[in-house]
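Fold and contact review
The residues making up each chain are set out below.
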Amino acid sequence: GAGDAHHQQNSHQDDQDVKTSDQSQRPTPIHLQILSLMQTTITGYIRAGVSQRSERTIPDVAKHATNFIQLMHDANQVIKPSSRRLLKPEHFYNKAVNNDVDLHQHYFVWLHMVEYPEAWASQFSFCAYPFLLDSRSKS
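Please read all numbers here as calculations on a predicted model, not as lab measurements.

Digging into the packing of aromatic side chains
Tallying each qualifying case throughout the model produces six aromatic pairs. On the basis of an interplanar angle of 85° and a centroid distance of 6.5 Å, the ring pair of phenylalanine 108 and tryptophan 120 is categorised as edge-to-face. Within this pair, whereas phenylalanine 108 is found in helix α6 (residues 103-115), its partner tryptophan 120 is found in helix α7 (residues 117-120), the two being separated by 12 residues in sequence. With a relative accessible area of 44%, phenylalanine 108 lands in the partly exposed category. Measuring from ring centre to ring centre gives 6.1 Å for tyrosine 129 and phenylalanine 131, while their planes differ by 80°; the resulting arrangement is edge-to-face. For the pair tyrosine 129 and phenylalanine 131, a shared accessibility class is recorded, and that class is buried. Members of the aromatic cluster, each reached through a chain of ring pairs, are Phe92, Phe124, Phe126, Tyr129 and Phe131.

About the cut-offs
Residues numbered from 1 in each chain as written. Predicted model: local features only at pLDDT ≥ 70, side-chain atom pairs only at ≥ 80, totals over all residues. Heavy atoms only, no water. Phe/Tyr/Trp six-rings, centres within 6.5 Å; stacked < 30°, edge-to-face > 60°. Helix = DSSP H or I, 4+ residues; strand = E, 2+ residues; numbered from the N terminus. Buried < 20%, exposed > 50% of the residue type's maximum accessible area, 1.4 Å probe, protein only.

This is how it looks when you write it as structure tokens:
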């Protein structure tokens, strides 16, 4: 009777709710996959450079990946309130930058980039991208 129709309608609504929550709970959303690809690019070049003892030379492709992550970070920061952001701060941390790069050297370069922007414009420093650094590396 009428109760059955009401139950079927509620059951259909429950199915829609499940589908919606399944779609929003994807294990690897596209933005996370893209970020991971960029992070892997940076990590690969850092680890290759460390093994060749030439870590100070960061290839252009790793610089471009870092700049792309900067764009993703900036876009993510626009989302308010912060609890609704798609990516958490720790998604942006790069283990290779934090563990395998001489951050003291990068800090020295970054300071000169800030003080003398014209003279140091062509230089690169991971310290110019603080979202890549975890709290240990920043202290």
